[in-house]
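Below, each chain spelled out in residue letters.
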Amino acid sequence: MKNIIQNINKAFDHRIRLGIMSILMVNENADFSTLKELLGVTDGNLASHAKALESENYITVEKQFIGRKPNTKYIATKEGKKAFQEHIEALEKLISNT
């Protein structure tokens, strides 16, 4: 059993990033307020972790105005969904091998 953690993706190490991707895997998209409420995080925390996922090209960010209020929407990219699925599979293999 050599290097059983090699396929675990470092981009999903943090619980907030793991949470963002988990939500986006089962929803077409999620807005900032929804993610903030579901994850129980601060604005700054959510923004920084979303930025980290965006820089990896795992999510896209769409900003718009609804009425006079700004709205930020997050969507998992095809690449992000694939990487997250591989990460989950690696975790499952790790668990089943112990």
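Here the structure is a predicted model, which means the values were calculated and not measured.

(A) Expanded view of the UniProt feature "domain: Winged helix DNA-binding" (unreviewed entry) in the chain. Per the UniProt annotation, the sites labelled "domain: Winged helix DNA-binding" (unreviewed entry) are residues 16-95. In the segment residues 16-95, helix accounts for 62% and strand for 22%; the C-alpha atoms at its two ends are 21 Å apart.

(B) Inspection of the packing of helix 1 (residues 15-26) against helix 2 (residues 32-39) at higher detail. Two numbers describe how helix 1 lies on helix 2: the axes approach to 11 Å, and their chain directions differ by 120°. Classified by the interaxial angle, the pair formed by helix 1 and helix 2 is oblique. Note that helix 1 runs across helix 2; the crossing there is right-handed. Touching Arg15, Ile16, Gly19, Ile20 and Ile23 of helix 1 are Leu35, Leu38 and Leu39, all from helix 2.

(C) How the structure looks around the pattern of salt bridges. Taken as a whole, this structure holds 4 salt bridges when the rule is applied. The partner of aspartate 13 in a salt bridge is lysine 10, and the shortest N-O contact between them spans 3.5 Å. Residue lysine 82 pairs with glutamate 86 through a salt bridge whose shortest N-O separation is 2.7 Å. Linking lysine 82 with glutamate 86, this pair stays in helix 4 (residues 78-96), spanning 4 residues, or about one helical turn. The class for lysine 82 is exposed, based on a relative accessible area of 55%. We classify glutamate 86 as partly exposed; its relative accessible area is 38%.

(D) Structural view of the pairing of strand 3 (residues 69-76). Where strand 1 (residues 30-31) and strand 3 come together, 2 bridges link them in antiparallel fashion. Note on strand 3: the bridge partner recorded for aspartate 31 is lysine 73. In terms of strand pairing, strand 2 (residues 59-66) meets strand 3 through 8 bridges, oriented antiparallel. Bridging across to strand 3, lysine 63 finds its partner in threonine 72. Turn length for the strand 2-strand 3 hairpin, with the two strands adjacent in sequence and antiparallel, is 2 residues, and the turn residue glycine 67 shows positive phi of about 70°.

About the cut-offs
Residues numbered from 1 in each chain as written. Predicted model: local features only at pLDDT ≥ 70, side-chain atom pairs only at ≥ 80, totals over all residues. Heavy atoms only, no water. UniProt positions renumbered as here; feature names shortened; annotations may be inferred. Helix = DSSP H or I, 4+ residues; strand = E, 2+ residues; numbered from the N terminus. Axes fitted to C-alpha atoms, helices over the stretch in contact; angles between N-to-C directions. Parallel < 35°, antiparallel > 145°, perpendicular 65-115°, else oblique. Left-handed = near helix turned anticlockwise from the far one by under 90°. Contact = heavy atoms within 4.5 Å. Salt bridge = Lys/Arg side-chain N within 4 Å of Asp/Glu carboxyl O. Buried < 20%, exposed > 50% of the residue type's maximum accessible area, 1.4 Å probe, protein only. Pairing = 2+ DSSP bridges.

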